[in-house]
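# Observations on the three-dimensional arrangement
Letter by letter, the chains look like this.
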Amino acid sequence: MNILVCIKEVPDDSVDVKVESGVPVVDEITPVINAFDTYSLEMAVRLKEKLGGKVTVISIGNEEVKNSLKNCLAVGADEAVLVKYDDYKDLNSRDVATALKEAICKLEIDEKFDLICLGKESTDTQSSSVGIYLSEELDVGVITNVIEMEVNNNLLEAKSQTDFGYRIIETKLPSVVTINKPDYDPRYPTIKSKMAARRKEISEIEIEIIPNDNFTIISNSEPPKRQSGIKIQEEEIEDSVKKAIEIMVQEKVL
């Protein structure tokens, strides 16, 4: 199996992001690998360990993104590729898919990829569309929200999560998949794997990226602040229940 995993650096989603004049203030927030991309990499590495083959990680960005690529090498990726583009934060979903397609075409001169994995969405823009656009660019099938997958006789069978449960989908390889959170967590690097990752070279690709003007972000806004709860401190349970019902009736939730 020759697997490509696409990753993206995003602002650490454990930090509250402020919006000033319609622009998110993220310069002081440490960038991390998008959480869903870490699930994607873990699932790809497990598939490689089962079937054999190679996992390559790729990302669009500047020199600083190499730190994240090194981290991917430390948890099971075999090779890493940086598509150099300093203004990568300004790219929309369609731009990213087009750029990835051009990079993939350059990488596939020697060997085609059987499977291309992405997180189902990034935690910053949450557009959930890069994987779909990429499958269109490459003219291959796509399965979204995957939490399990198996490969047999050049066929990919994937368990996809939906709003109503799960569905099993089968498609021919090569294919694109977008990964949701599986039932397990990504592995942690060891000291030995970190040291080995530091010694590995990261390949660089330069391509011309022409931003698509058909996509425009009109505005950004902070989510509404969660209101504090109401404490009910009656002495008797019956009085507490009565008080709770009165509050719910007053707020028209009953």
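Residues numbered from 1 in each chain as written. Predicted model: local features only at pLDDT ≥ 70, side-chain atom pairs only at ≥ 80, totals over all residues. Heavy atoms only, no water.

### Observations concerning the sheet that holds strand β8 (residues 115–119)
Strand order in the open sheet made by the nine strands is β11-β10-β9-β12-β8-β1-β6-β7-β13, with mixed pairing throughout. One side of each edge strand has no neighbouring strand; the edge strands of this open sheet are β11 (165–172) and β13 (203–205). Strand after strand, the sheet turns through a mean of 35° between neighbouring axes, direction not considered. Packing against the sheet, helix α2 (residues 66–74) makes contact with β6 (54–61), β7 (79–84) and β13, and its axis sits at approximately 165° to β7. (Pairing = 2+ DSSP bridges. Helix = DSSP H or I, 4+ residues; strand = E, 2+ residues; numbered from the N terminus. Axes fitted to C-alpha atoms, helices over the stretch in contact; angles between N-to-C directions. Contact = heavy atoms within 4.5 Å.)

### Some words on the nonpolar core
Counting residues in each nonpolar core, the largest one holds 59 residues, and the members touching the most others are V5, L41, L115, I116, M149 and V177. Ranked by residues supplied to this core, first place goes to helix α1 (residues 35–51) with seven residues. With near-sequence residues (within four places) excluded, M149 lies in contact with M43, L47, L115, C117, L156, E157, A158, V177 and I179. (Core = buried A, V, L, I, M, F, W, Y, C linked by side-chain atoms within 4.5 Å. Buried < 20%, exposed > 50% of the residue type's maximum accessible area, 1.4 Å probe, protein only.)

### Some words on the side chain of K66
In this structure, K66 sits in helix α2. Within polar-contact distance, the side chain of K66 engages the side chain of E204 at 2.5 Å. With near-sequence residues (within four places) excluded, K66 lies in contact with L82, I202 and E204. (Polar contact = N/O pair within 3.5 Å; in protein donor to acceptor, adjacent residues only side chain to side chain.)

### As for the packing of aromatic side chains
One pass over the full model with this rule turns up one aromatic pair. Plain terms: the ring middles of F36 and Y39 are 5.7 Å apart, the flat faces sit at 85° to each other, and that makes the pair edge-to-face. Pair noted here: F36 and Y39 are both in helix α1, with a separation of three residues, about one helical turn. Comparing F36 with Y39, the two get one shared label, buried. (Phe/Tyr/Trp six-rings, centres within 6.5 Å; stacked < 30°, edge-to-face > 60°.)

### Considerations on the pairing of β8
With five of five residues buried, β8 is to be regarded as a mostly interior element. Of the two faces of β8, both are covered, the one formed by L115, C117 and G119 as well as the one formed by I116 and L118. In terms of strand pairing, strand β1 (residues 2–6) meets β8 through four bridges, oriented parallel. From the neighbouring strand, C6 faces β8, where its bridge partner is L118.

### Observations regarding the domain arrangement of the chain
How big an interface is tends to be reported as the loss of accessible area on association of its parts. Here the domain parsing of the chain yields domain 1 (2–206) and domain 2 (224–253). Centre-to-centre separation of domain 1 and domain 2, based on C-alpha positions: 45 Å. (Domains from an automatic or database assignment.)

### Describing the environment of V75
Along the chain, V75 falls in the loop between α2 and β7. For V75, a relative accessible area of 16% puts it in the buried group. Not counting residues within four places of it along the chain, the set of residues in contact with V75 comprises L41, V45, R187, Y188 and P189.

### Let's talk about the packing of helix α3 (residues 93–107) against helix α4 (residues 130–138)
Axis separation between α3 and α4 bottoms out at 8 Å; the angle between their running directions is 45°. Relative to α4, α3 is oriented oblique. In this structure, the crossing between α3 and α4 has a hand that is right-handed. From α3, S93, R94, V96, A97, T98, L100, K101 and I104 reach across to α4, where they touch V130, Y133, L134, E136, E137 and L138. For the contact of α3 with α4, the per-class residue count stands at eight nonpolar, two polar and four charged. (Parallel < 35°, antiparallel > 145°, perpendicular 65-115°, else oblique. Left-handed = near helix turned anticlockwise from the far one by under 90°. Nonpolar A, V, L, I, M, F, W, Y, C, P; charged D, E, K, R; others polar.)

### Regarding α3
Between its first and last C-alpha, α3 extends 21 Å over 15 residues, near the 21 Å set by a 1.5 Å rise per residue. At its buried positions, α3 is contacted by β1, β6, β7, β8, α4 and β13. Between a side-chain oxygen at the N-terminus of α3 and the backbone nitrogen of R94 the separation is 3.0 Å; the capping residue is N92. (Expected span 1.5 Å × (residues − 1).)

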